[in-house]
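# Coordinate inspection notes
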Amino acid sequence: MPAWNYATMWEIAAANLPEATALVQGDNRVTWAELDRRADGLAQHLLGHDLAAQDKVALYLYNCPEYLESCYAACKAGLVPVNTNYRYADDELVYLWDNADAVAVVFHGAFAERVERVRERVPGVKVWYWVDDGSGPCPDWAVDHADAIATPADGPVVAPWGRGADDIIMLYTGGTTGMPKGVMWRQDDLVRGLMGSSSFFRGEADMDAYRARITRPGKVGLPACPLMHGTGLFSALSVLSTGGRVALLAGRHLDIVELLDTYEREAVNVSAIVGDTFAKPMLAALDAEPDRWDISNLQVLQSSGVMWSEATKQGLLRHNPKLRLVDTFSSSEALGMGESVSTAASAAQTARFRLGDNARVIDDAGRDVAPGSGQAGRVAVKGFQPVGYYKDPEKSAATFVTIEGARYSIPGDYALVEADGTLTLLGRGSVCINTGGEKVFPEEVEEVLKEHPDVADAVVVGVPDDRFGEAITAVVEPLGGRSVDGDALIAFVKERLAHYKAPRNVVTIDTIGRAPNAKVDYKRLRTFASDAVGAT
């Protein structure tokens, strides 16, 4: 039966919309025809290196057109694109590329020195592709990406082993509570999971019907977060799958002025951000200069991966009342766990979500948690989900579980089911704090802390304590150079949560140091907090 494959879909979009813009970053605009030609050239070059079906191609790049065209090329050649966190140090890179069995790496010139140091430690890599970013010359051991994409290809490239629905896109998780794990998504499942709001993509994959559907350019989407993370990549895949245009920021660090300028210049319709990390400075800029930017074309602002406060959402809606703000509850290994939607006509409480159609909350015995019971359970979701973790059957068996004959993904996110059926998210059980026998989920406390006017960001950790086992400790980044009164902050939390959930200690830090996907290194901050508390 025909099924979805990204390369086949995008070839149709390129044939139907050759002159339409597919990718744009600053002044660099790439049409669908150019994207297809460049991907064919790279695919042909890859196949000249004695590769095999579903060999892995690692993408070690900042956001750029080359990221998505390399992903496209890998899919054309029946290979597996693999993300690489560009913040990783030497040992982490070696672990990931070795664990992924990478045979090719596409990297930005800025990383050439680091790649030079580690490349002999990953002998399985057969070819290195250097992407020019003005940081220096191409090393003599690498292939210039510009030369590779110029490789002649006689029509759409198809490997001897072909391509199909079972081809994998692999997404390595951040590994903040353990080593990164490669989440394997079948392309057919990923298309259906990401395009779930469309019955067309959920039905039988009919390429003739798809060809008839892609007759004009789709929406303009801007992933403001890195493509190396699921939120950014998944949003870009969704836009391209409708024949749309992906706009990318040129800066390598979040620049709110550039973001808002690009929204206006490219008439962006949909954008992916990461909660308040992006939304708060966006709101501050819009409030400071309310007449500077026209963001009226922006229809959907979507966040995933970190909580997004309702106060910030309502502030953004004042600047564009037509906006639909969608806070999705998903992860690298589970789509459709739930969502919270805010519009000018409605309001949603921070961290309060509606379960997805295929989701449920279960206890440790696999039974549904009763609404209003106050019992925390794990969120499980069935439907279009990953096939497992690469080379890790034990963790796969623990995460992807069969319940009542249906296969569920259970990544470890805990939630309460309120009496009205909505969810209160608590966070991952792996960072749960046990204090005096009570279990406290850091994210629940963090969201209260971040509501305080003197707090820019906060993380909650447990530090060793002789009496309670672990003492809840808030690591706080003050807002705009303000000072933080620890006792007042503790009292602030006690007004909103059970007293045992309030921090016993408050320590300040210059910056929480969130990754580009807004995740934090709890281990590092726990060490910082333990040292600070021990010193007081």
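Now for a quick tour of the structure.

Calculation notes
Residues numbered from 1 in each chain as written. Predicted model: local features only at pLDDT ≥ 70, side-chain atom pairs only at ≥ 80, totals over all residues. Heavy atoms only, no water. Phe/Tyr/Trp six-rings, centres within 6.5 Å; stacked < 30°, edge-to-face > 60°. Helix = DSSP H or I, 4+ residues; strand = E, 2+ residues; numbered from the N terminus. Buried < 20%, exposed > 50% of the residue type's maximum accessible area, 1.4 Å probe, protein only. Salt bridge = Lys/Arg side-chain N within 4 Å of Asp/Glu carboxyl O. Disulfide = S-S within 2.5 Å. Polar contact = N/O pair within 3.5 Å; in protein donor to acceptor, adjacent residues only side chain to side chain. Contact = heavy atoms within 4.5 Å. Patch = residues over 30% accessible without salt bridge, like charges linked within 9 Å, V, L, I, M, F, W, Y side chains within 5 Å. Areas by Shrake-Rupley, 256 points an atom, 1.4 Å probe, with all protein chains shown as cover. Lys, Arg positive; Asp, Glu negative; His and termini not counted. Charge placed at Lys NZ, Arg CZ, Asp CG, Glu CD. Core = buried A, V, L, I, M, F, W, Y, C linked by side-chain atoms within 4.5 Å. Pairing = 2+ DSSP bridges.

A few words now on the packing of aromatic side chains. Remark: the centre distance and the inter-plane angle together describe each pair of aromatic rings, the angle taken between the planes. For the structure shown, the criterion picks out 17 aromatic pairs. With centroids separated by 5.3 Å and ring planes inclined at 45 degrees, the aromatic side chains of Y6 and W10 adopt a geometry described as tilted. Residue Y6 and its partner W10 are located together in helix α1 (residues 6–16), separated by 4 residues, close to a single helical turn. On the basis of relative accessibility, which here comes to 1%, the residue Y6 falls in the buried class. Summarising the aromatic geometry, the rings of F201 and Y210 are spaced 6.2 Å apart at their centres and angled 70 degrees between planes, so their arrangement reads as edge-to-face. Relative accessible area serves as the criterion here: at 2%, F201 is assigned to the buried category. Overall, the relative accessible area of 0% leaves Y210 in the buried class. Taken together, Y60, Y62, Y86, W97, F107, F111, W128 and W141 form an aromatic cluster joined through their ring pairs.

A few words now on the pattern of salt bridges. Under the criterion given, the structure shown has 32 salt bridges. Ionic pairing is found between D36 and K76, a salt bridge with its closest N-O pair at 2.9 Å. Here the residue D36 occupies a position in helix α2 (residues 32–47), and K76 occupies one in helix α3 (residues 65–76), the gap between them amounting to 40 residues. Of the residues examined, D36 reaches a relative accessible area of 15% and is grouped as buried. Here R496 ties to E451 by a salt bridge, and the two come within 3.9 Å at their closest N and O atoms. Residue R496 is located in the loop between α16 (486–494) and β28 (505–508), and its partner E451 is located in the loop between α15 (442–449) and β26 (455–465); the two are separated by 45 residues in the primary sequence. A residue is classified by how much of its surface remains accessible, and R496, at 41% relative accessible area, is partly exposed. On the accessibility criterion, E451 (45% relative accessible area) is partly exposed. Shared partners join several salt bridges into a network, and the residues in it are E11, D36, D40, K76 and R163.

In this structure the tally under the stated criterion is 0 disulfides. The thiol of C75 is unpaired, and the distance to the nearest cysteine sulfur, on C71, comes to 4.6 Å. In this model C225 remains outside any disulfide bridge; the closest cysteine sulfur is found in C64, 15 Å from its own.

Let us look at helix α7 (residues 187–194). With 6 of 8 residues buried, α7 lies mostly within the body of the structure. Among the residues making up α7, those that are buried are Q187, D188, D189, L190, V191 and R192.

Among the secondary structure elements, D457 is positioned in strand β26. Of note is the side chain of D457, whose polar atom sits 2.6 Å from the side chain of R514. Once residues lying within four places of it in the same chain are set aside, the contact partners of D457 are K450, V475, V476, E477, I512 and R514.

In this section: a negative patch on the surface. A surface patch of like charges, here negative, comprises D255, D261, E264 and D294. When you line up the elements, E264 lands in helix α11 (residues 256–265). A relative accessible area of 34% places E264 in the partly exposed class.

Judged by nonpolar contacts, the single largest core of 97 residues is most densely connected at W32, Y60, W97, F107, W128 and M170. Ignoring sequence-local partners within four residues, the contact set of F107 consists of Y60, L61, A112, V115, W128, Y129, W130, V131, W141 and A142. Grouped together as the second largest cluster of nonpolar side chains are 31 residues, L260, L286, I295 and L301 included.

Right, let's talk about the pairing of strand β14 (residues 324–331) for a bit. Across the 8 residues of β14, 7 count as buried, placing the element largely inside the fold. Note: strand β13 (residues 300–304) against β14, 5 bridges, orientation parallel. Note on β14: the bridge partner recorded for Q302 is V326. The pairing of β14 with strand β15 (residues 334–342) spans 6 bridges and is antiparallel.

Moving on to unusual backbone geometry. The phi dihedral of D50 is positive, around 55 degrees, even though this residue is not glycine. Note on placement: D50 falls in the loop between α2 and β3 (56–60). Assessed through its relative accessible area of 65%, D50 is described here as exposed. For E404, which is not a glycine, the phi torsion comes out positive at approximately 50 degrees. Secondary-structure assignment places E404 in the loop between β20 (400–403) and β21 (406–409). Residue class for E404 comes out exposed when judged on its relative accessible area of 71%.

With that settled, the discussion passes to the environment of R29. Topologically, R29 is positioned in strand β2 (residues 28–31). Along the sequence, R29 and I168 sit 139 residues apart, while their C-alpha atoms lie 28 Å from each other. If near-sequence neighbours (up to four positions away) are discounted, R29 is found in contact with T21, L23, V24, E34, R245 and E266.

Structurally, the position occupied by A73 is in helix α3. In this structure, the C-alpha to C-alpha distance between A73 and A43, residues 30 residues apart in sequence, is 4.7 Å. Those residues within four positions of A73 in sequence are excluded, and the remaining contacts are A39, L42 and A43.

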